[in-house]
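Observations on chain architecture
Residue strings, one per chain:
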Amino acid sequence: MGIIRIIKRIIIGRNATDGSINNLGSSGEIHNLSDNGGPLETIYFQELTILHCGCFAAPGGRCSECGVISCIGCHRHCGGTINPSPLGCGKPLCREHCKYLTLDNGQITPFCKDCSSKISRKKVNKKVKHLLLSPFVELGDKQDE
C-alpha cells in the first residue's frame, strides 16, 4: 500500500536581534502499510543539526559578537560562566570570540574583546606607574615581572 501517515517535529530557534529563524533539528515518524499484507510498520527518525562549534549537543546560546549558536559545553560568558568575575560584562560568547586571560588569583577566565583590552591596559598602566614612581617612592606592593 505505502505510507499512511508522516509526523514530523521541527525544532526552531528565533534570533532576537534580526528575527530570523534557525532550524535546530527535527524528528518524526512514518507509518507504513506493507504491500504484501503485513502489519503496520512505524519508522522513527531524528535529524541532528551540527552547531557552529562542531558539536551535536543541545544549543547553549548565541554569541553576541557574531551571532552563531554554540552548544552548552562550548558556550561561554565574558568574565566566566559558572563563577563570573566582576571584571567582565557578561556577554555571551562563542569559542572564537573568547579571549582568555589569567587573573591575579591564577584563574583563567574568558573575556570579550573590549573587556580583555581594558584589563590589559590596566595591567600596562600599573607597570608604567610602578616604573615611573619606583626611583622616587618605595612602593609596598610586589610587582610581578
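Residues numbered from 1 in each chain as written. Predicted model: local features only at pLDDT ≥ 70, side-chain atom pairs only at ≥ 80, totals over all residues. Heavy atoms only, no water.

From N to C terminus, the protein includes one helix and nine strands. Helices (α) and strands (β) of the protein occur, in sequence order from the N terminus, as β-β-β-β-β-β-β-β-β-α. Since a compact globule built from 145 residues should have a radius of gyration of about 15 Å, the 26 Å found for the protein marks it as more spread out than a globular shape. Seen along its three principal axes, the alpha-carbon backbone of the protein occupies a region of about 100 × 30 × 20 Å. Within the protein, the proportion of its 145 residues that are buried is 24%. Of the contacts made within the protein by residues no fewer than 6 positions apart, 31% connect residues no fewer than 24 positions apart. Taken as two groups, the 18 positive and 13 negative side-chain charges of the protein have centres that lie 6 Å from each other. (Helix = DSSP H or I, 4+ residues; strand = E, 2+ residues; numbered from the N terminus. Rg over C-alpha atoms; globule rule 2.2 N^0.38 Å. Buried < 20%, exposed > 50% of the residue type's maximum accessible area, 1.4 Å probe, protein only. Contact = heavy atoms within 4.5 Å. Lys, Arg positive; Asp, Glu negative; His and termini not counted. Charge placed at Lys NZ, Arg CZ, Asp CG, Glu CD.)

Next up on the list: the nonpolar core. In a soluble, globular protein the nonpolar side chains are often hidden away together inside. C78, L93, C98, L101, L103, F111, C112, C115 and I119 form the largest nonpolar core, which has nine residues in total. Beyond its immediate stretch of four places on either side in the chain, C78 contacts G88, C89, G90, K91, L93, P110, F111, C112 and C115. By size, the runner-up hydrophobic cluster in this structure holds five residues, among which are C53, I69, C71 and C74. (Core = buried A, V, L, I, M, F, W, Y, C linked by side-chain atoms within 4.5 Å.)

It is worth spelling out the pattern of salt bridges at this point. In a structure, side chains of opposite charge can pair up when their charged atoms sit close to one another. The full count for this structure, using the stated rule, is two salt bridges. The partner of E29 in a salt bridge is R9, and the shortest N-O contact between them spans 3.8 Å. Taken as a pair, E29 in strand β2 (residues 21-33) and R9 in strand β1 (residues 2-14) lie far apart in primary sequence, 20 residues in all. Its relative accessible area of 11% is what places E29 among the buried residues. Judged by relative accessible area, R9 falls into the partly exposed class, the value being 45%. The closest approach of N and O atoms between K91 and E65, which form a salt bridge, is 3.1 Å. Placement of the pair is K91 in the loop between β6 (76-77) and β7 (92-93) and E65 in the loop between β4 (59-62) and β5 (69-71), with a sequence separation of 26 residues. Exposure remark for K91: the relative accessible area of 27% places this residue in the partly exposed category. Residue class for E65 comes out partly exposed when judged on its relative accessible area of 36%. (Salt bridge = Lys/Arg side-chain N within 4 Å of Asp/Glu carboxyl O.)

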